[in-house]
Amino acid sequence: MSAGRTVEGAGCVTWWGFGPARDLLNSENTVRSDGELNVLLVGSGDPRHILKTINGLRDSDTLHVWVIENSMEVVARQLLLLYLSLLTPENMSLHKKTEVFLEVFGNSEIRKETEETLKHAAAQLSLSITHTLSSDSHTHPCLDTSLLKFKERDELVRIFKLWERPPSAPASVRKVWDARVRQHLGTRYDSRQGCFDWDLTMKLHQRGCGVISKHQYVKWRETGVAFEMREGLYQTANQSLISTRVFNHRGDRVTVRGYWGDIVSSPYLSFGIETENKDLLKTQNNQHVKTAQDISEVNVLALFERLSTRWRSLLKEDVPNPSSSCCQSTDSLITEEKIQNDPPSSQTHTEPEQQTQELDLLNVSGVKVSFLSPDSLNKLPLKNKYRNLFNSIFCSASMVHQLDSSLREITAPDAALVIELTNFLLDLSKEKVSGFADRVKEIAEESGFTPNHNQSSDIYAVFTRKKH
């Protein structure tokens, strides 16, 4: 990043968030009306808040999530992770889906089997986006990309095709990762094990992440592999974590594909440091019995179970007409028998004319996720459809600079504003972390929000829209 090593560890692409999943409607000040609930995510980087918020919905609730990311590469990955989350039980069991999701979510290198799943997902998403270019309508009730510009959808198709058919001679992800670590640590590289241990014990553990084990954290810092839940070879590049960065070299602009995300804080923060099951937080001899990987697996599995429950409730409601409970018409469905008999690799190489444009995924009752253009935040107040619309808004630390007083115009009365703080950006000093929190408070108050003192946190700052 242009700021040098100060935040180089966090990277310039937000592949995951720097705080745990939150139910963005779980605020005593948030008014849960009988109509549709609208949540805006600005720079969340991953679907953790989407999944958590769905998990907290009542059966009668309907939810519309609006997503703004700062690059189409992050949008593509959001779509991929949501695609994996919505795989039907016939396509993949809940436990296997959990493992594949976490592997794609937090590993720079994945197993060959997982790569085939990723390629198949990329092929299906590419076809789906292509369909929206010709019809300007979405091909799944839960996932909507039709509000993106044509050039942005073209870019998504290009990214998905790159995942589906990676370059024949890709750079070694391990070498790319090591180069980032060398750049970040500088002269400390030769004593990197000590640096890793310091960041874990004196920073992450001191900030409430004691469940992150030394073995797993150091392994991730060395190789970029955070989740190893099955025996196998983690040697295939996770294409969803590879992106393009532009450098100035001797007056020329040079694009370089590599890993430009977080190499310090870890993907464990999103799902692995908090749990409602206190048994998972037990300690023996001052050491946690379970790890952040264990907690991530339990939490993600629970979120997927809730998704499946809402899907099955829709099936029960639509029993008289089975086709209406599916994600597309009957004649375009892949039969259960074919799914069970065909391995992911054979699905990946299906001829285009045999593939369906609609996505064979769970249709989660009353839930829709719409993606907006990266530059759309300051344009929302200009459109009547967004006036006083959002019941809750989340903004990441990296996107706070885009917030201004116009925020009040797009929020509903008593709306909540949740802003990610920099507590887990380990390269920042305590003074800078504190200064950032103060600046966030100023921005929120200038936008017409007041601090919610009932939800004090070093991870997220929560505000409520002022009455007058």
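Predicted, not measured: the structure shown is a model, and the values here were computed from it.

**A word on the overall build of the protein chain**
Scanning the protein chain from N- to C-terminus turns up 13 helices and 14 strands. Here the protein chain holds 468 residues, and 56% of them are scored as buried. Counted over contacts in the protein chain with a minimum sequence separation of 6, partners at least 24 positions apart contribute 77%. Here the protein chain has roughly 20600 Å² of accessible surface; of this, 49% comes from carbon and sulfur atoms.

**Remarks on the environment of M229**
Note that M229 resides in the loop between α8 (214-223) and β5 (236-237). Once the C-alpha coordinates of M229 and D294 are considered, the two residues, 65 residues apart in sequence, prove to be 9.0 Å apart. M229 has contacts with E99, L102, Y234, Q293 and E297, leaving out every residue within four places of it along the chain.

**Things to note about the packing of helix α6 (residues 173-185) against α8**
Contact geometry for α6 and α8: axes closest at 7 Å, N-to-C directions at 100°. On the basis of the axis angle, α6 is roughly perpendicular to α8. Of the residues in α8, those in contact with R174, W177, V181, H184 and L185 of α6 are W220, R221, E222 and T223. A per-class count over the contact of α6 with α8 returns 4 nonpolar, 2 polar and 3 charged.

**Examining the side chain of H140**
Mapping H140 onto the fold places it in the loop between α4 (112-135) and β4 (143-144). Here L362 takes part through its backbone oxygen, which lies 2.9 Å from a polar atom of the side chain of H140.

**Topic: the sheet that holds strand β10 (residues 367-372)**
The strand order β4-β10-β2-β1-β11-β12-β14-β13 describes an open sheet built from 8 strands, whose pairing is mixed. Two strands bound the open sheet, and with one partner strand each, they are β4 and β13 (449-451). Sheet topology note: the β4/β10 ladder contains 2 bridges and is parallel. Its bridge partner lying in β10, D144 is registered against S370. In the packing of helix α1 (residues 48-55) onto the sheet, contacts are made with β1 (36-42), β2 (62-68), β10, β11 (390-395), β12 (411-420) and β14 (460-465), and the angle to β2 comes to roughly 170°.

**Remarks on the confidence of the model for the protein chain**
Of all residues in the protein chain, 84% have pLDDT values of 70 or greater, and the mean over the chain is 86. In the predicted structure, residues 1-6 sits below a pLDDT of 50 and forms 12 contacts with residues beyond four places in sequence or in another chain. For residues 319-356, every residue scores under 50 in pLDDT, and the model assigns this stretch 49 contacts once sequence neighbours within four places are set aside.

**A few points about the pairing of β10**
By the criterion of burial, β10 is predominantly enclosed, with 5 of the 6 residues buried. Across 6 bridges, β2 lies against β10 in parallel orientation. Bridge pairing in β10 links L63 to V367.

**A few points about the packing of helix α7 (residues 192-204) against α8**
How two helices sit against one another is set out by the angle between their axes and by the gap between those axes. For the pair α7 and α8, the least separation of the axes is 10 Å and the interaxial angle reads 130°. Comparing their axes, α8 and α7 come out oblique. Handedness of the α7/α8 crossing: right-handed. The segment α7 lies against α8, with R192, Q193, F196, D197, D199, L200 and L204 engaging K214, Y217, V218, R221 and E222. Split into classes, the residues belonging to the contact of α7 with α8 amount to 5 nonpolar, 1 polar and 6 charged.

Calculation rules
- Residues numbered from 1 in each chain as written.
- Predicted model: local features only at pLDDT ≥ 70, side-chain atom pairs only at ≥ 80, totals over all residues.
- Heavy atoms only, no water.
- Helix = DSSP H or I, 4+ residues; strand = E, 2+ residues; numbered from the N terminus.
- Buried < 20%, exposed > 50% of the residue type's maximum accessible area, 1.4 Å probe, protein only.
- Contact = heavy atoms within 4.5 Å.
- Areas by Shrake-Rupley, 256 points an atom, 1.4 Å probe, with all protein chains shown as cover.
- Axes fitted to C-alpha atoms, helices over the stretch in contact; angles between N-to-C directions.
- Parallel < 35°, antiparallel > 145°, perpendicular 65-115°, else oblique.
- Nonpolar A, V, L, I, M, F, W, Y, C, P; charged D, E, K, R; others polar.
- Polar contact = N/O pair within 3.5 Å; in protein donor to acceptor, adjacent residues only side chain to side chain.
- Pairing = 2+ DSSP bridges.
- pLDDT = per-residue confidence, 0-100.
- Left-handed = near helix turned anticlockwise from the far one by under 90°.

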